Amino acid sequence: MKLFMINAKYISPLIIALLGIACATAQDKGLLAHTDSSYSCVNFRESELRTFKGGRLELIPFFRKLDNIINQHRGTINIWHVGGSHVQAGTFSHRLRRNFAIHVNGGKGSRAIMFPYKLVNTNGPQDYSVSGTGSWSRTRNIEQSPDREMGMSGITATTSSPNASVTFRLSSSDGIDWTTRYVRVIGKASSSSVRPYIVVDSTAIEDPDGDNNSGYFFELPRKCSSFTVKFHGLGGGNRYELRGVIALNDEPGVAYWESGVNGASTSSWLRCSLLEKDLQMAKPDMVIFGIGINDAHTKNFNRDRFKSNYQQLIDRIKRVSPDCRFIFITNNDNHLNRTANPNTRAAEKVFIELALDNNGSVWDLYKVMGGLGSSNRWVKNGLMQSDHVHFTSSGYKLIGDLLYNAIMGEFLKWRQ
């Protein structure tokens, strides 16, 4: 029997290397979300992020920032997820926000932008609640001739009630700390006498230097899970047009912003004349596009106009964040006039062209579902609603997990 001897001077480096590999593997697994792989209707092999040569190189600075957060606990990353009803409902986007908070941020997270959907009689995310006083009206970007300007929320809530207020309550779920220390109110006052202020525990907090351009910034006395926005100077014809409230903290990590309007298309978001001004508050490092299903949900889908509208929107974002990275989510399989929508495949090709033109990446939800007609199987498996357009809560959480893992999977490839 031959004995293999290892020189003692190599033992320590060898053990350190092996331990490093083991620790890296354990850490890598901890960065991924658990997904339910029992659904036969899901094409898991297609769930990776599709990156092209230029797009893969463009992601490296983003991944370096992500690596600093994970290993050095330093820095912040802002991701903006924009779309239609898939995003307004909040389940899809919050699943990604939750995963980043758990696996990257160490159990802490900034809620980022919020909007009082309930006060303007429409649905909104379930991870925070809204209550308020006064009379409010809404303007949405799906309107052909909106009477108010809109920004990154795609919707504006207007009030002239002297007693108007909005209270936001951040929920505590999955053991994640969503409390906030800093609040910014963005909107437009009709008069210099109209100013928002914050109330926490009966204490009023003012920002005398705020204005319509930069918004009103408030540092809370402590980290809070609820606060109320009130207004000076309303009534007598004065009004305030609220475009959103931003809740952040001073912890390093990924902040996940979301903006969704039911029925919104590419042309809808181009109507948001204050989009660039509001995006200055976020300066996104990455934008995840979920716009397109409403553009293609028609017999007269124009792929060239669809691509042109998208490029105009991308150019606006680049003016604010020149180094921003883009991920395009393809349209999910859906029904048009009770049959599989053939435009979905045509839209998928446009998304790939846009990714190639802008050094972006594609997450092909159409292929993850199984292609044309696959929504039938997703409905039968309880992952999609009977309208063959929207997902169920379970479906949104599943695709949220898959998209998160696709991003982090590409990150792990780069790091390895």
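Higher on the page you've got the structure.
Residues numbered from 1 in each chain as written. Predicted model: local features only at pLDDT ≥ 70, side-chain atom pairs only at ≥ 80, totals over all residues. Heavy atoms only, no water.

Q: Could you clarify how one ought to interpret the overall build of the protein in this entry?
A: Tallying secondary structure elements over the protein gives 12 helices and 19 strands in all. Looking at the protein residue by residue over its 416 residues, the buried ones come to 54%. Long-range contacts, defined here as pairs at least 24 residues apart, represent 79% of the contacts in the protein between residues at least 6 apart. Working note: accessible area of the protein is about 18,200 Å², and carbon and sulfur atoms make up 49% of it. Side chains of the protein give 49 positive and 37 negative charges; the mean places of these two sets differ by 3 Å. (Helix = DSSP H or I, 4+ residues; strand = E, 2+ residues; numbered from the N terminus. Buried < 20%, exposed > 50% of the residue type's maximum accessible area, 1.4 Å probe, protein only. Contact = heavy atoms within 4.5 Å. Areas by Shrake-Rupley, 256 points an atom, 1.4 Å probe, with all protein chains shown as cover. Lys, Arg positive; Asp, Glu negative; His and termini not counted. Charge placed at Lys NZ, Arg CZ, Asp CG, Glu CD.)

Q: Can you walk me through the nonpolar core in this structure?
A: Leu66, Ile79, Val104, Ile288, Trp363, Trp378 and Met408 are the most contacted members of the largest nonpolar core, which totals 42 residues. Of all the secondary structure elements, the ones that give two or more residues to this core are helix H3 (60-72), strand S2 (76-83), helix H5 (91-103), strand S14 (253-260), strand S15 (286-290), strand S16 (325-329), helix H10 (365-369) and helix H12 (393-415). Ranked by the residues each element gives to this core, the list is headed by H12, at 11 residues. Membership of the second largest hydrophobic core comes to 41 residues, among which are Ala112, Val287, Ile291 and Phe328. (Core = buried A, V, L, I, M, F, W, Y, C linked by side-chain atoms within 4.5 Å.)

Q: Would you take a moment to explain unusual backbone geometry for this structure?
A: Leave glycine aside and you will find that most residues have negative phi; peptide bonds, for their part, are mostly trans. Within the chain, Ala112 stands out as a residue other than glycine whose phi angle is a positive 65 degrees. Here Ala112 lies in strand S3 (residues 112-114). In this model, Asn359 sits at a positive phi of 50 degrees, which is unusual for a non-glycine residue. Residue position: Asn359 is located in the loop between helix H9 (343-357) and strand S19 (361-363).

Q: Sorry if this is basic, but what is going on with the sheet that holds strand S9 (residues 195-200) here?
A: Each strand in a sheet pairs with its neighbour through backbone hydrogen bonds, running either in the same direction (parallel) or in the opposite one (antiparallel). Taking strand neighbours across the sheet as the criterion, the five strands line up as S4-S7-S12-S9-S10 in an open arrangement whose pairing is antiparallel. Edge positions in the sheet fall to strand S4 (128-133) and strand S10 (203-205), since each has one partner strand and no second. Here the strands of the sheet are splayed against their neighbours by 25 degrees on average, with no regard to which way each runs. (Pairing = 2+ DSSP bridges. Axes fitted to C-alpha atoms, helices over the stretch in contact; angles between N-to-C directions.)

Q: Would you mind showing me how to read the pairing of S2 here?
A: Regular strands show a simple pattern: their side chains alternate between the two faces of the sheet. Most of S2 is tucked away, with seven of its eight residues classed as buried. Alignment of S2 against S14, held across eight bridges, turns out to be parallel. In the sheet register, Thr76 faces S14, and the bridge partner there is Gly253. As defined by bridge partners, S2 adjoins S15 across five bridges and the pair is classed as parallel. Residue pairing across strands places Val82 opposite Phe289, the latter belonging to S15.

Q: Quick question: what am I supposed to make of the packing of H5 against H12 here?
A: The angle between the axes and the distance between the axes are what describe a pair of packed helices. Closest axis-to-axis distance for the H5/H12 pair is 8 Å, and the angle between their directions is 45 degrees. Considering their axes alone, H5 and H12 lie oblique with respect to each other. Seen from above, H5 lies across H12 with right-handed handedness. Contacts between H5 and H12 involve Thr91, Phe92, Arg95, Leu96, Asn99, Phe100 and His103 on the former and, on the latter, Ser393, Tyr396, Lys397, Ile399, Gly400, Asp401, Leu403, Tyr404, Ile407 and Met408. Here the contact of H5 with H12 is built from residues that sort into nine nonpolar, five polar and three charged. (Parallel < 35°, antiparallel > 145°, perpendicular 65-115°, else oblique. Left-handed = near helix turned anticlockwise from the far one by under 90°. Nonpolar A, V, L, I, M, F, W, Y, C, P; charged D, E, K, R; others polar.)

Q: Just checking my understanding: could you explain the pattern of salt bridges for this structure?
A: Opposite charge on two side chains permits pairing when their charged atoms draw close. Evaluation of the coordinates by the stated rule reveals 27 salt bridges. Ionic pairing is found between Arg415 and Asp67, a salt bridge with its closest N-O pair at 3.5 Å. Taken together, the residues Arg415 in helix H12 and Asp67 in helix H3 connect sequence positions 348 residues apart. The buried category is assigned to Asp67, whose relative accessible area is 19%. (Salt bridge = Lys/Arg side-chain N within 4 Å of Asp/Glu carboxyl O.)

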